[in-house]
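Architecture at a glance
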Amino acid sequence: MGLYSKYIFPRLLDRSLGTGAHQRERREALASARGHALEIGFGTGLNLPHYPPPVYRLTAIEPERMLEGRVAKRIAHARMPVELRRLDATGRLPFDDDTFDTVVTTWTLCSIEDVAPALSEIRRVLKPEGRYLFFEHGRSEEASVARRQDLFNPVHKLLAGGCSLNRPIDRLIRSGGLNVIKLERYRMPELPKGFGEMYRGVALKN
């Protein structure tokens, strides 16, 4: 990792996604989490305070080592046991089939280079009766905004650690063999057009 991606960008990300508005949105997205949960794209642990009491254990996957002291402190203050794992080069989740009651991604699918295999892995490790909870930003429903997202996306990916602005999140999830049973589409008012086009919902195994 370069200086920017190792030290500067994680701090910018932690600050920008840790505002009060973002925290309220996280709490809403995680409200139906339960049991043994898996969070993919743990980042700096901003979701931790918002897992509800039915979650008795959390396993977290994060490929990067970001702000390790801050992450360790947040894990130490978590209500439930937290195990942080690193994703290896294969991209395959190191868990058996049908392991988790809940799988969570928040602001994660935008930055996974090859999202189709990742969603296939989510489906594989989710229990038959489990739930996939997602809170992601992606492609706007407004055509003019979507065109601007397409235009700006190469620059944004370079500045934002590979994050894509224009992925159609709901279509990708359905293509991964998951049935979206709840979906909210809206724009976060604190963010400019194109950056806060949100997808929040719940999906089940097909």
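Because the structure is predicted, anything quoted here is derived from the model rather than measured.

**Concerning the side chain of Glu197**
With respect to the secondary-structure elements, Glu197 resides in strand E7 (residues 197–205). On the basis of relative accessible area, Glu197 is assigned to the buried category, the value being 5%.

**As for empty space enclosed by the protein**
Picture a little ball the size of a water molecule; that probe, rolled over the atoms, points out where space is still empty. One pass over the full model with this rule turns up one cavity of 30 Å³ or more. Its residues assigned to classes, the lining of the largest cavity comprises four nonpolar, one polar and five charged.

**Quick word on the layout of surface pockets**
Space inside the second largest pocket adds up to approximately 160 Å³. If you trace the second largest pocket, you find it lined by Gln23, Gly45, Leu46, Leu48, Pro49, Arg70, Lys73, Arg74, His77, Ala78 and Arg79. Examining the composition of the lining of the second largest pocket, we find that three residues originate from one element, helix H3 (residues 68–76), more than from any other.

**A look at the pattern of salt bridges**
Under the defined criterion, the tally for this structure stands at 15 salt bridges. The residue Arg200 makes a salt bridge to Glu25 at a minimum N-O spacing of 2.5 Å. Here the residue Arg200 occupies a position in strand E7, and Glu25 occupies one in helix H2 (residues 20–29), the gap between them amounting to 175 residues. Of the two residues, Arg200 and Glu25, neither departs from the other in class, the shared state being buried. We note a salt bridge from Asp170 to Arg174, for which the minimum N-O separation is 3.4 Å. Of this pair, Asp170 and Arg174 are both found in helix H6 (residues 169–175), four residues apart, which corresponds to roughly one turn of the helix. Taking relative accessible area as the criterion, Arg174 reaches 42% and is therefore assigned partly exposed. Linked through salt bridges whose partners overlap, the residues forming this network are Arg92, Asp97, Glu121 and Arg124.

How each quantity is defined
- Residues numbered from 1 in each chain as written.
- Predicted model: local features only at pLDDT ≥ 70, side-chain atom pairs only at ≥ 80, totals over all residues.
- Heavy atoms only, no water.
- Helix = DSSP H or I, 4+ residues; strand = E, 2+ residues; numbered from the N terminus.
- Buried < 20%, exposed > 50% of the residue type's maximum accessible area, 1.4 Å probe, protein only.
- 1 Å grid on protein atoms, 1.4 Å probe; cavity = no way out; pocket = protein on both sides within 12 Å on 5 of 7 lines; lining within 4 Å.
- Points joined across faces, edges and corners; volume = space filled by probe spheres on them.
- Nonpolar A, V, L, I, M, F, W, Y, C, P; charged D, E, K, R; others polar.
- Salt bridge = Lys/Arg side-chain N within 4 Å of Asp/Glu carboxyl O.

In short, shape yes, function no, at least from these values alone.
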